[in-house]
Number of protein chains: 2
Amino acid sequence: MGCMNTAQTLEPALDASCCLPSEQPAISVEDAQQRALVFKALADPNRLRLLSIVKAGESGESCVCDLTEPLDLGQPTVSHHLKILVEAGLLHREKRGTWAYYSLVPGALDKVAGLVTGL
Amino acid sequence: MGCMNTAQTLEPALDASCCLPSEQPAISVEDAQQRALVFKALADPNRLRLLSIVKAGESGESCVCDLTEPLDLGQPTVSHHLKILVEAGLLHREKRGTWAYYSLVPGALDKVAGLVTGL
DNA sequence: TACTCATATCGATCCTCATCAATTTACTTC
DNA sequence: GAAGTAAATTGATGAGGATCGATATGAGTA
């Protein structure tokens, strides 16, 4: 006894209707891959600081030249991190003249929080 | 004009008291490293599915033999992923006899959600 | 048109990580 | 104690990622 590995193969059509109403099935492989992309974007200290610095800025947006110095990283590296955050849907990029301004996508952080609690 | 990179160096002691009360400073390097550890644990599709499967289990806990098959991974790999989730403070491990039972740490997911929104 | 500056992209390097096969550890049972 | 089983650990390998120097793009300016 102990590990009932084979028991769950007997009632495949019942496990969604017989249990507590709050029970939700595990996420799918595709869903997991999708969420992992977002968490990968957050899984770097410098990218977390980028998000935090952009959010803390009083104007709500920062250009790359404002972000290179506090991170102590080269400009190509910062640009690379920013691109990952944009592709993850966390930052918005707007080019005005020579400068590129980055700002938090409204509601993005709350949406990510929902990805965590909704596992 | 455009990028005001040097302006913020003039009032270093004021930026915490002159602005909106909701403004909080950017997180520190150490804080970012700490949070990145948690997000690194979430930045893998198989680990996300592990968390979801453990959470979806009606008993609230699962042993390794219940987790190897749905992930289609070898037993050492699943054990490795589980260890990372335990070290991140997301899963709790309890050994009973030959089996090791893993369960969600109560409140851990909500705490992680706070790490996201609190950036 | 030529020059400057901000940003993005490219290529290379180093390091981390996901995975597996093999082995070890630990508990149970005969 | 010997055999069997669950889980963890080890060592190796291949893929992905973080970083940098060099270069390209593109807008503003003389």
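Values in this document were obtained by computation on a predicted structure and should not be read as measured data.

### What about the protein's contact with DNA strand C?
Link 1 in the chain: DNA strand C sits among 25 residues. The nearest are Q75(A), S79(A), Y102(A), N46(B) and H81(B).
Link 2 in the chain: The sugar-phosphate share of atoms of DNA strand C within 4 Å of the protein amounts to 74%.
Link 3 in the chain: In the environment of DNA strand C, a phosphate oxygen lies 3.3 Å from a nitrogen or oxygen atom belonging to the backbone of V64(A).
Link 4 in the chain: The contact in question runs from a base nitrogen of DNA strand C to an N or O atom on the side chain of Q75(A), over 2.7 Å.
Link 5 in the chain: Put simply, the parts of the chain that give the surface near DNA strand C at least two residues each are α3 (64–71), α4 (75–87) and β3 (99–104) of chain A together with α2 (45–56) and α4 (75–87) of chain B.
Link 6 in the chain: Broken down by element, the residue count for the surface near DNA strand C peaks at five residues, all from α4(B).
Link 7 in the chain: Split by residue class, the surface near DNA strand C holds ten nonpolar, ten polar and five charged.

### Let's talk about the protein's contact with DNA strand D
Link 1 in the chain: Not every one of the 25 residues close to DNA strand D is listed here, only the nearest: H81(A), Q75(B), S79(B), R93(B) and Y102(B).
Link 2 in the chain: C65(B) is positioned with one of its backbone polar atoms (N or O) 3.1 Å from a phosphate oxygen of DNA strand D.
Link 3 in the chain: Y102(B) places a side-chain nitrogen or oxygen 2.5 Å from a phosphate oxygen of DNA strand D.
Link 4 in the chain: Mapped by element, the contributors of at least two residues to the surface near DNA strand D are α2 (45–56) and α4 of chain A together with α3 (64–71), α4 and β3 (99–104) of chain B.
Link 5 in the chain: Classifying every residue of the surface near DNA strand D gives ten nonpolar, ten polar and five charged.

### Notes on the packing of aromatic side chains
Link 1 in the chain: Using the criterion set out here, one finds zero aromatic pairs over all chains in the structure.
Link 2 in the chain: Over the aromatic face of Y101(B) sits the side chain of R96(B), whose NZ or CZ is 4.2 Å from the ring centroid.

### Some remarks on the relation of the copies chain B and chain A
Link 1 in the chain: Superposing chain B onto chain A takes a rotation of 180° combined with a translation of 0.0 Å along the rotation axis, leaving an RMSD of 0.0 Å. Classification of the inter-copy transformation places it as that of a two-fold axis. The C-alpha atom lying nearest the rotation axis in chain B is that of A113(B); the distance is 2.2 Å.
Link 2 in the chain: Looking at chain B, 100% of its interface residues are interface residues in chain A too, so the copies touch through the same face.

### Here we look at the confidence of the model for chain A
Link 1 in the chain: Chain-level pLDDT for chain A is 85 on average; 82% of the residues reach the 70-or-more range.
Link 2 in the chain: Note on residues 1–21 of chain A: pLDDT is under 50 here. Beyond four places in sequence and across chains, it has twelve contacts.

Parameters and conventions
Residues numbered from 1 in each chain as written. Chains lettered and ligands numbered in written order. Predicted model: local features only at pLDDT ≥ 70, side-chain atom pairs only at ≥ 80, totals over all residues. Heavy atoms only, no water. Near = heavy atom within 4 Å. Polar contact = N/O pair within 3.5 Å; in protein donor to acceptor, adjacent residues only side chain to side chain. Helix = DSSP H or I, 4+ residues; strand = E, 2+ residues; numbered from the N terminus. Nonpolar A, V, L, I, M, F, W, Y, C, P; charged D, E, K, R; others polar. Phe/Tyr/Trp six-rings, centres within 6.5 Å; stacked < 30°, edge-to-face > 60°. Lys NZ or Arg CZ within 6 Å of the ring centre and 35° of its normal. Least-squares fit on C-alpha atoms with pLDDT ≥ 70 in both. Contact = heavy atoms within 4.5 Å. pLDDT = per-residue confidence, 0-100.

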